[in-house]
Amino acid sequence: MTATSSTLADDRLIVALDVPNALEALQLAERLGDAVSFYKIGLGMLTGGGLAVANELKQEHGKRIFLDMKLFDIGATVENAVRGLVQFDLDFLTVHGDPHVVRAAREGVGGKSTKILAVTILTSLDRADLDAGLIRAGDIHDLVCERASRAFDAGADGVIASPQEAAMIRALPNAAGRLIVTPGVRPAGAALGDQKRVATPAQALKDGADHIVVGRPIWAADDAPAAARAILAELP
């Protein structure tokens, strides 16, 4: 993979590297080239060399990196895990939005610049899923906003939420200066896949999102760079 400059890319678009292994991830990043400057690496890639990919893309190619680990455990374990992960010079790292987890993650960051993003409610879930998981009754959008507010109070730099909740979260008094990152973004006409609470890229940003995360509509496209450029062209 040759070094590329990402200075002209719009980092509001984060491409999810939801591919099986490090080789395919680096090949995809090479195809996308300067069109994309920000990548998400999740649990599915962790055992396939995800941290090595993060390090190579960050250190050798100047890309921004979002490590989507969704950490959840007792405070001491989360703190130690975060302290180890931030040594990779990550831009974003996710933890579950429970206040004790967020507080522990903040301690783990120490003086590093990694932003801690709190997961509210996964964009693949709906009310029926919450009922099955014994999550308290209530409108899912209201629950997302309440979790976001509590995560902000606990020290989160931002939250992960569906684009359908972006406007409500942005209106929270304690959301000023905080990031909203939205998975569940699909270009008009794209298949929903495993997402249930979705919106188009343009709508997500208009509603207050700072970054949108797009995976399958780009990496599964016949022409991934063209798919990325088409999404970028939609952004306001």
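Remember, predicted model here, so these are calculated numbers, not experimental data.

Caption draft 1: Focus on the packing of helix H1 (residues 22-32) against helix H3 (residues 50-61). The N-to-C vectors of H1 and H3 enclose an angle of 25°; their axes lie 9 Å apart at closest approach. It follows that H1 is roughly parallel to H3 by the angle criterion. Where H1 crosses over H3, the two elements pack in a sense that is right-handed. Where H1 approaches H3, its residues Ala 22, Ala 25, Leu 26 and Ala 29 are matched on the opposing element by Val 53, Glu 56 and Leu 57.

Caption draft 2: The sheet that holds strand S7 (residues 179-182), seen in detail. The strand order around the closed barrel built from eight strands is S1-S2-S3-S4-S5-S6-S7-S8, with neighbouring strands paired in parallel fashion. The sheet shows a mean angle of 25° between the axes of neighbouring strands, direction not considered. Looking at chain direction, strand S1 (residues 13-16) and strand S8 (residues 211-214) are connected through three bridges and run parallel. Looking across to S8, one finds that Val 15 is bridged to Val 214. Helix H5 (residues 99-109) rests against strand S3 (64-71), strand S4 (92-96) and strand S5 (115-119) of the sheet, and its axis sits at about 150° to S4.

Caption draft 3: Expanded view of the pattern of salt bridges. This model, assessed by the stated rule, comprises 13 salt bridges. Arg 64 is the partner of Asp 11 in a salt bridge, and the nearest nitrogen-oxygen pair spans 2.8 Å. Taken together, the positions of Asp 11 in the segment before S1 and Arg 64 in strand S3 put the pair 53 residues apart, joining distant regions of the chain. Judged by its relative accessible area of 26%, Asp 11 is partly exposed.

Caption draft 4: Spotlight on helix H4 (residues 75-85). Among all positions of H4, only Val 78, Val 82 and Leu 85 are buried. Buried residues along H4 cover an arc of 65° about the axis, so they all sit on one side.

Caption draft 5: Molecular detail of unusual backbone geometry. Even without glycine at this site, Asp 89 takes up a positive phi of about 60°. Structurally, the position occupied by Asp 89 is in the loop between H4 and S4. With a phi close to 65°, Leu 134 is a non-glycine residue in the positive phi region. Structurally, the position occupied by Leu 134 is in the loop between helix H6 (127-132) and helix H7 (140-153). The class for Leu 134 is exposed, based on a relative accessible area of 77%.

Calculation criteria
- Position labels on residues start from 1 in each chain and follow its written sequence.
- For this predicted model, a pLDDT threshold of at least 70 governs which residues receive local features, and a threshold of 80 or more governs which side-chain atom pairs are given and counted, while totals over whole chains, interfaces and linings are taken from all residues.
- In computing side-chain properties, one takes all heavy atoms of the structure into account and sets aside hydrogens as well as water.
- For helices, the fitted line uses only the C-alpha atoms of the stretch in contact; every axis is such a line through C-alpha atoms, and the angle between N-to-C directions lies from 0 to 180 degrees.
- Where helices and strands are cited, they refer to DSSP runs of H or I of at least four residues and of E of at least two residues respectively, numbered from the N terminus.
- With respect to orientation, any angle under 35 degrees is reported as roughly parallel, any angle over 145 as roughly antiparallel, any angle of 65 to 115 as roughly perpendicular, and every other angle as oblique.
- Two helices crossing with the near one rotated counterclockwise from the far one by less than a right angle form a left-handed crossing, whereas a clockwise rotation gives a right-handed crossing.
- The contact definition used throughout considers only heavy atoms, calling two residues in contact when any of these lie within 4.5 Å.
- Should DSSP find at least two bridges between two strands, the strands are taken to pair.
- Basic side-chain nitrogens of Lys or Arg form a salt bridge, by our definition, when they fall within 4 Å of a carboxyl oxygen of Asp or Glu.
- Three exposure classes are used, based on accessible area relative to the maximum for each residue type with a 1.4 Å probe and protein chains only: buried under 20%, partly exposed in between, and exposed over 50%.
- Taken from the helix axis, the directions to the C-beta atoms give the arc we talk about.

In short, shape yes, function no, at least from these values alone.
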